[in-house]
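Secondary and tertiary structure notes
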Amino acid sequence: MPCCIPRSAMLFAVTALGMALCVPACNDTTLWIYMKEYCYPTFHNDISRLNESLHCNWTLTYRFYSRLTDCTIKVAKLSSCFWPNEHVDQFFMEVHRNLLAACSPQHLSLQDPPNAILAVLISMPMLLTTIMAALVVWCSKRSESAD
(Lines give C-alpha, C1' and ligand atoms only; values in the text may rest on other atoms or scores of the structure.)
Protein backbone atom coordinates (compact mmCIF):
# COMPACT_ATOMS: atom_id res chain seq x y z
CA MET A 1 0.00 0.00 0.00
CA PRO A 2 1.58 3.29 -1.07
CA CYS A 3 2.11 6.01 1.51
CA CYS A 4 -0.05 9.06 0.97
CA ILE A 5 1.10 12.41 2.32
CA PRO A 6 -1.51 15.14 2.20
CA ARG A 7 -0.69 17.84 -0.33
CA SER A 8 -0.94 20.58 2.35
CA ALA A 9 1.63 18.80 4.54
CA MET A 10 3.99 18.41 1.58
CA LEU A 11 3.57 22.08 0.67
CA PHE A 12 4.27 23.10 4.29
CA ALA A 13 7.41 20.94 4.43
CA VAL A 14 8.77 22.33 1.15
CA THR A 15 8.01 25.92 2.21
CA ALA A 16 9.62 25.45 5.63
CA LEU A 17 12.70 23.88 4.06
CA GLY A 18 12.95 26.72 1.55
CA MET A 19 12.69 29.34 4.31
CA ALA A 20 15.33 27.57 6.36
CA LEU A 21 17.68 27.56 3.38
CA CYS A 22 17.20 31.31 2.81
CA VAL A 23 18.33 32.43 6.25
CA PRO A 24 21.38 34.65 5.73
CA ALA A 25 24.62 33.70 7.41
CA CYS A 26 26.14 35.81 10.14
CA ASN A 27 28.32 38.52 8.67
CA ASP A 28 31.15 38.63 11.22
CA THR A 29 32.97 41.50 9.54
CA THR A 30 29.89 43.72 9.48
CA LEU A 31 29.13 42.86 13.08
CA TRP A 32 32.64 43.78 14.23
CA ILE A 33 32.64 47.05 12.21
CA TYR A 34 29.22 48.08 13.58
CA MET A 35 30.26 47.34 17.15
CA LYS A 36 33.52 49.29 16.75
CA GLU A 37 32.03 52.24 14.86
CA TYR A 38 28.63 52.62 16.53
CA CYS A 39 28.60 50.92 19.92
CA TYR A 40 32.10 51.59 21.20
CA PRO A 41 32.27 55.36 20.57
CA THR A 42 28.99 55.97 22.40
CA PHE A 43 30.12 53.91 25.39
CA HIS A 44 33.54 55.56 25.34
CA ASN A 45 31.98 59.04 25.31
CA ASP A 46 29.60 58.15 28.13
CA ILE A 47 32.25 56.62 30.35
CA SER A 48 34.75 59.40 29.57
CA ARG A 49 32.38 61.95 31.06
CA LEU A 50 32.91 60.26 34.42
CA ASN A 51 35.98 60.82 36.53
CA GLU A 52 38.29 57.83 36.01
CA SER A 53 38.05 56.93 39.70
CA LEU A 54 34.29 56.40 39.19
CA HIS A 55 34.56 53.98 36.24
CA CYS A 56 34.19 51.03 38.62
CA ASN A 57 31.13 52.43 40.38
CA TRP A 58 28.39 50.17 39.02
CA THR A 59 25.55 52.48 40.10
CA LEU A 60 26.99 55.17 37.81
CA THR A 61 28.06 53.01 34.89
CA TYR A 62 25.32 50.40 34.56
CA ARG A 63 23.24 52.64 32.26
CA PHE A 64 26.19 53.06 29.88
CA TYR A 65 26.90 49.35 29.99
CA SER A 66 23.24 48.56 29.38
CA ARG A 67 23.21 50.86 26.34
CA LEU A 68 26.35 49.14 25.06
CA THR A 69 24.68 45.75 25.46
CA ASP A 70 21.53 46.95 23.67
CA CYS A 71 23.66 48.33 20.85
CA THR A 72 25.47 45.00 20.37
CA ILE A 73 22.11 43.21 20.28
CA LYS A 74 20.85 45.56 17.56
CA VAL A 75 23.96 45.32 15.39
CA ALA A 76 24.00 41.53 15.78
CA LYS A 77 20.45 41.47 14.46
CA LEU A 78 21.41 43.78 11.56
CA SER A 79 24.35 41.50 10.74
CA SER A 80 22.13 38.39 10.84
CA CYS A 81 24.06 37.06 13.83
CA PHE A 82 22.89 35.44 17.00
CA TRP A 83 23.44 37.28 20.25
CA PRO A 84 25.53 36.60 22.23
CA ASN A 85 28.26 35.06 20.15
CA GLU A 86 32.03 34.80 20.28
CA HIS A 87 32.56 38.11 18.47
CA VAL A 88 30.37 39.98 20.93
CA ASP A 89 32.24 38.28 23.78
CA GLN A 90 35.58 39.35 22.28
CA PHE A 91 34.25 42.89 21.87
CA PHE A 92 33.22 43.08 25.53
CA MET A 93 36.58 41.67 26.59
CA GLU A 94 38.29 44.40 24.57
CA VAL A 95 36.08 47.08 26.12
CA HIS A 96 36.97 45.81 29.59
CA ARG A 97 40.66 45.60 28.73
CA ASN A 98 40.71 49.18 27.38
CA LEU A 99 38.31 51.08 29.63
CA LEU A 100 37.58 49.03 32.72
CA ALA A 101 40.87 47.26 33.44
CA ALA A 102 41.23 49.00 36.81
CA CYS A 103 37.92 47.52 37.95
CA SER A 104 39.26 43.98 38.16
CA PRO A 105 41.26 43.38 41.31
CA GLN A 106 44.62 41.88 40.36
CA HIS A 107 45.29 40.06 43.61
CA LEU A 108 41.92 38.84 44.75
CA SER A 109 42.45 36.31 47.51
CA LEU A 110 39.59 34.02 48.40
CA GLN A 111 39.24 32.95 52.00
CA ASP A 112 37.18 30.37 53.84
CA PRO A 113 34.39 31.73 56.02
CA PRO A 114 34.91 31.70 59.79
CA ASN A 115 34.71 28.25 61.41
CA ALA A 116 31.39 28.99 63.13
CA ILE A 117 29.69 29.81 59.82
CA LEU A 118 31.36 26.88 58.12
CA ALA A 119 30.11 24.52 60.83
CA VAL A 120 26.52 25.73 60.37
CA LEU A 121 26.73 25.43 56.58
CA ILE A 122 28.00 21.86 56.84
CA SER A 123 25.81 20.64 59.70
CA MET A 124 22.45 21.98 58.46
CA PRO A 125 22.19 19.75 55.36
CA MET A 126 23.39 16.76 57.38
CA LEU A 127 20.78 17.40 60.07
CA LEU A 128 17.98 17.96 57.55
CA THR A 129 18.89 14.77 55.67
CA THR A 130 18.79 12.75 58.91
CA ILE A 131 15.45 14.26 59.95
CA MET A 132 13.91 13.64 56.51
CA ALA A 133 15.08 10.00 56.49
CA ALA A 134 13.66 9.46 59.99
CA LEU A 135 10.38 11.08 58.94
CA VAL A 136 10.08 8.78 55.90
CA VAL A 137 10.76 5.67 58.02
CA TRP A 138 8.29 6.81 60.69
CA CYS A 139 5.55 7.53 58.12
CA SER A 140 6.05 4.18 56.33
CA LYS A 141 5.90 2.24 59.64
CA ARG A 142 2.83 4.15 60.68
CA SER A 143 1.02 3.38 57.40
CA GLU A 144 1.99 -0.32 57.69
CA SER A 145 0.55 -0.56 61.22
CA ALA A 146 -2.70 1.12 60.07
CA ASP A 147 -3.22 -1.57 57.38
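A few points on the structure. Just so it is clear, the model here is predicted, and its values are computed rather than measured.

About the cut-offs
- Residues numbered from 1 in each chain as written.
- Predicted model: local features only at pLDDT ≥ 70, side-chain atom pairs only at ≥ 80, totals over all residues.
- Heavy atoms only, no water.
- Disulfide = S-S within 2.5 Å.
- Helix = DSSP H or I, 4+ residues; strand = E, 2+ residues; numbered from the N terminus.
- Buried < 20%, exposed > 50% of the residue type's maximum accessible area, 1.4 Å probe, protein only.
- Phe/Tyr/Trp six-rings, centres within 6.5 Å; stacked < 30°, edge-to-face > 60°.
- Lys NZ or Arg CZ within 6 Å of the ring centre and 35° of its normal.

What follows deals with the state of the cysteines. Counted under the stated rule, the structure contains two disulfides. Two residues, cysteine 26 and cysteine 81, share a disulfide whose sulfurs are 1.9 Å apart. Since a negative S-S torsion denotes a left-handed disulfide, the cysteine 26-cysteine 81 link at about 85° is right-handed. One end of the pair, cysteine 26, is in the loop between α1 (7–21) and α2 (28–48); the other, cysteine 81, is in the loop between α3 (58–78) and α4 (86–99), with 55 residues separating them in the sequence. Since its relative accessible area comes to 10%, cysteine 81 is described here as buried. Shown here is the disulfide that connects cysteine 39 with cysteine 71, its sulfur atoms set 2.1 Å apart. Taking the torsion about the sulfur-sulfur bond, which here is approximately -85°, the covalent link between cysteine 39 and cysteine 71 counts as left-handed. Here the residue cysteine 39 occupies a position in helix α2, and cysteine 71 occupies one in helix α3, the gap between them amounting to 32 residues.

Under the definition given, this model contains seven aromatic pairs. When the centroid spacing of 6.5 Å and the interplanar angle of 45° are considered together, the rings of tryptophan 58 and tyrosine 62 count as tilted. Note that tryptophan 58 and tyrosine 62 are positioned in helix α3 at a spacing of four residues, about one turn of the helix. Assessed through its relative accessible area of 52%, tryptophan 58 is described here as exposed. When the ring centre of tyrosine 40 is taken as reference, the NZ or CZ atom of lysine 36 above it lies at 5.5 Å.

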